[in-house]
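Summary of structural features
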Amino acid sequence: LTSVLCLGDCQLQTPCRIQKCTADFVSLTSHLNSALAGFDVEFCKALRAYSACTYRNSKVCRGNLVYHSAVLGISDLMSQRNCSKDGPTSSTNFEEAHDPCSYSGHKEGREHHGGEQTPPTTYLFCGLFGDPHLRTFKDHFQTCKVEGAWPLVDNDYLSVQVTNVPVVPGSSATATNKITIIFKSYQDCTDQKVYQAVTDDLPAAFVDGTTSGGDGNTKSLQIVEKISGKYIEMDARYIGTTVYIRQLGHYLTLAIRMPQELVMDYEESQDLQLCVNGCPSSERIDGSGHLTLPVRGQLLPDSGTSHPWSVYTLETATTKCHEKMLVKDIYFYSCIFDLLTTGDTNFTAAAHSALQDVEALHPRKEHWHIFPSSGGGSIGKGSKFFVGIGLLCLILVMFS
């Protein structure tokens, strides 16, 4: 009978739960006493929570008479009690535990229906910045050239593509000047949304002009502008994914956190994903996955540490990067490398911001810092600076 009434619109995976909304509202209000002060405030908060619950179920319950009666009843009660539509709501579990447009919610829903405990969600991090330097979902660090358009992520939920261009003449080093992201349509949570950023145009909206996906209050996908034209964040709640995009100087940086099970949900034809499998060996500049830590060995003469387009020597670049980053990790040495390559101080800010994004999004603090595999002495202002043969060769290869 239910199938007939729904006329083909029923979604078995997301049944109408208006009875649950109503039961929660009764639970919130049954203890309230209309004779006591504060009744109207608490009753209105419960009504707003009830209304939000019915709204989340609007599509799957549209053929349900009980649902429509509840919507009308809520409207009447809000008028009687002079409740505003906007305002705080009661703290409750109104469908949140099984909200199909919340990644944690529908994961708990699967656990509830399956009767088995699911393991905690494992989140993975990927970042791209600088010349460019790539940190993969496996916490591998690489420096690549990857000129042109390349996919960072390409799975059944999300597609992220970056375009890289040369930064200085005669160098194989590149940097990102365009980012395209496609959030693929997902059940009733969001239609497909496309976002595109290019140098000097970092919009706080999708290509279609909207700033969110999903219906009304659900906001299963949204863009938040943190710094106008310079820094935006995207929250795709339905797939538990967060994306940061920044513009620093003339180039863009990207950081993304995504659940492991979704990261690995891709077809064999989608295996060219830099965040998953790293850069192809033919596109690697570093050759070993790490910029070699400067060690005492061979002094790099001044003529070898600077180029016509770079005013930095190894010593001045190290001092400049040390102003922003105190830990001598791979981000610190990437900063040095980029200054020697380009002479552009914006790359110092890019390395620093990339590390800040790691600290904000990477789930495991003990993995925030990656250190070069080779050992090295300390580097400080006013000291003698030496560079390992590996770094010297790396610079020579780039400009050969």
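Numbering of residues begins from 1 in every chain and follows the order in which that chain's sequence is written. Given that the model is predicted, a residue must reach a pLDDT of at least 70 before its local features are reported, and side-chain atom pairs must reach 80 or more before they are shown or counted; all residues, however, enter totals for whole chains, interfaces and linings. Hydrogens and water are ignored here; the side-chain numbers use all heavy atoms of the structure.

Once that is clear, we can look at the pattern of salt bridges. Salt bridge, as applied in this entry: a Lys or Arg side-chain nitrogen positioned within 4 Å of an Asp or Glu carboxyl oxygen. Inspection of the entire model under this criterion finds nine salt bridges. A salt bridge links D154 to K184; the nearest nitrogen and oxygen atoms lie 3.8 Å apart. You can see D154 sitting in strand β4 (residues 148-154) and its partner K184 sitting in the loop between β6 (174-183) and β7 (193-198), a full 30 residues away along the chain. A salt bridge links R364 to E366, with the nearest nitrogen and oxygen atoms 3.0 Å apart. The exposure class assigned to R364 is partly exposed, which follows from its relative accessible area of 43%. Strands are runs of DSSP state E lasting at least 2 residues, helices are runs of H or I lasting at least 4, and numbering of each runs from the N terminus. To sort residues, take the accessible area from a 1.4 Å probe on protein chains only and compare it with the maximum for the residue type: under 20% means buried, over 50% means exposed, and anything in between is partly exposed.

Right, let's talk about helix α10 (residues 330-342) for a bit. Take the residue count of a helix, subtract one, and multiply by 1.5 Å to get its expected span. Across its 13 residues, α10 extends 18 Å between first and last C-alpha, which sits within 8% of the 18 Å expected from 1.5 Å per residue. Among the 13 residues of α10, 13 are classified as buried, and the element is accordingly described as predominantly covered. The distance from a side-chain oxygen at the start of α10 to the backbone nitrogen of Y331 is 3.2 Å, and the residue carrying that oxygen is D329. In the segment just after α10, G343 is the residue with positive phi, at about 75°. For this analysis, a polar contact is any N or O atom pair within 3.5 Å, provided that within protein one partner can donate a hydrogen and the other can accept it, and provided that sequence-adjacent residues contribute only side-chain to side-chain pairs.

With 12 residues, helix α2 (residues 18-29) extends 17 Å from end C-alpha to end C-alpha; this agrees with the ideal 16 Å at 1.5 Å per step. For α2, the full list of buried residues reads I18, C21, D24, F25, L28 and T29. Within α2, the buried residues cover an arc of 125° as seen down the axis, which keeps them to one side. Whether two residues are in contact is decided by their heavy atoms, any of which lying within 4.5 Å being enough. Buried residues in α2 make contact with α3 (39-56) and α4 (65-80). The directions from the helix axis to the C-beta atoms form the arc being described.

As a further point, take the sheet that holds β6. Strands pair, by our definition, only if DSSP identifies at least two bridges between them. Strands sit in the order β4-β5-β6-β7 across an open sheet of four strands; the sheet is antiparallel. With one partner strand each, in any of the chains shown, β4 and β7 form the two edges of the open sheet. Each neighbouring strand pair of the sheet contributes to a mean axis angle of 20°, computed without reference to strand direction. When β6 meets β7, the two strands line up antiparallel, connected through six bridges. The residue of β7 that forms the bridge with T180 is Q196. Every axis corresponds to a line fitted to the C-alpha atoms, with the helix fit spanning only the stretch in contact, and the corresponding angles, defined between N-to-C directions, vary from 0 to 180 degrees.

Next up on the list: the confidence of the model for the protein. Confidence of the predictor in every single residue is expressed as pLDDT, which spans 0 to 100. Across the protein, the average pLDDT comes to 80, with 77% of residues at or above 70. The low-confidence segment residues 292-308 (pLDDT under 50) makes 41 contacts with residues lying over four places distant or belonging to another chain.

Take the pairing of strand β9 (residues 221-227) next. Two elements, strand β8 (residues 212-213) and β9, share two bridges in a ladder whose sense is antiparallel. When the sheet's bridge partners are listed, G213 is paired in β9 with L221. One ladder, built from six bridges, connects β9 with strand β10 (residues 231-236); its direction is antiparallel. Across the sheet, Q222 pairs through a bridge with D235, a residue of β10.

A separate point is the state of the cysteines. The rule for a disulfide is simple: a pair of cysteine sulfur atoms within 2.5 Å. Tallied over the full model, the rule gives seven disulfides. Between C44 and C83 runs a disulfide, and the two sulfur atoms are separated by 1.9 Å. An S-S torsion of about -75° defines the bridge between C44 and C83 as left-handed. Of this pair, C44 sits in helix α3 while C83 is found in the loop between α4 and α5 (103-114), placing the two residues 39 residues apart along the sequence. The two residues C44 and C83 agree in class, both being buried. Each sulfur of the disulfide joining C321 and C335 lies 2.0 Å from the other. With the S-S dihedral at roughly -90°, the linkage between C321 and C335 falls on the left-handed side. Of this pair, C321 sits in helix α9 (residues 314-324) while C335 sits in helix α10, and the two are 14 residues apart along the sequence.

Looking now at the packing of α3 against α4. Contact geometry of α3 with α4 gives a least axis separation of 10 Å together with a crossing angle of 150°. On the basis of the axis angle, α3 is roughly antiparallel to α4. Relative to α4, the crossing made by α3 is left-handed. Across from F43, L47, R48, Y50, S51 and T54 in α3, the residues of α4 making contact are Y67, A70, V71, I74, L77 and M78. The residue makeup of the contact of α3 with α4, split by class, is nine nonpolar, two polar and one charged. If an angle is under 35 degrees, it is roughly parallel; if it is over 145, roughly antiparallel; if it lies from 65 to 115, roughly perpendicular; otherwise it is oblique. Whether a crossing is left-handed or right-handed is set by the direction in which the near helix is turned from the far one by less than a right angle, anticlockwise for left-handed and clockwise for right-handed. Only Asp, Glu, Lys and Arg are considered charged in this grouping, and only Ala, Val, Leu, Ile, Met, Phe, Trp, Tyr, Cys and Pro are considered nonpolar; every other residue, Gly among them, is considered polar.

Pairing in this open sheet of eight strands is antiparallel, and the strands run β3-β2-β1-β12-β11-β10-β9-β8 from one edge to the other. Both edges of this open sheet fall to β3 (141-143) and β8, since each of them pairs with a single strand only. Taken strand by strand, helix α11 (residues 346-361) contacts β1 (123-129), β2 (133-135), β11 (241-248) and β12 (251-259), and its axis lies near 165° from that of β11.

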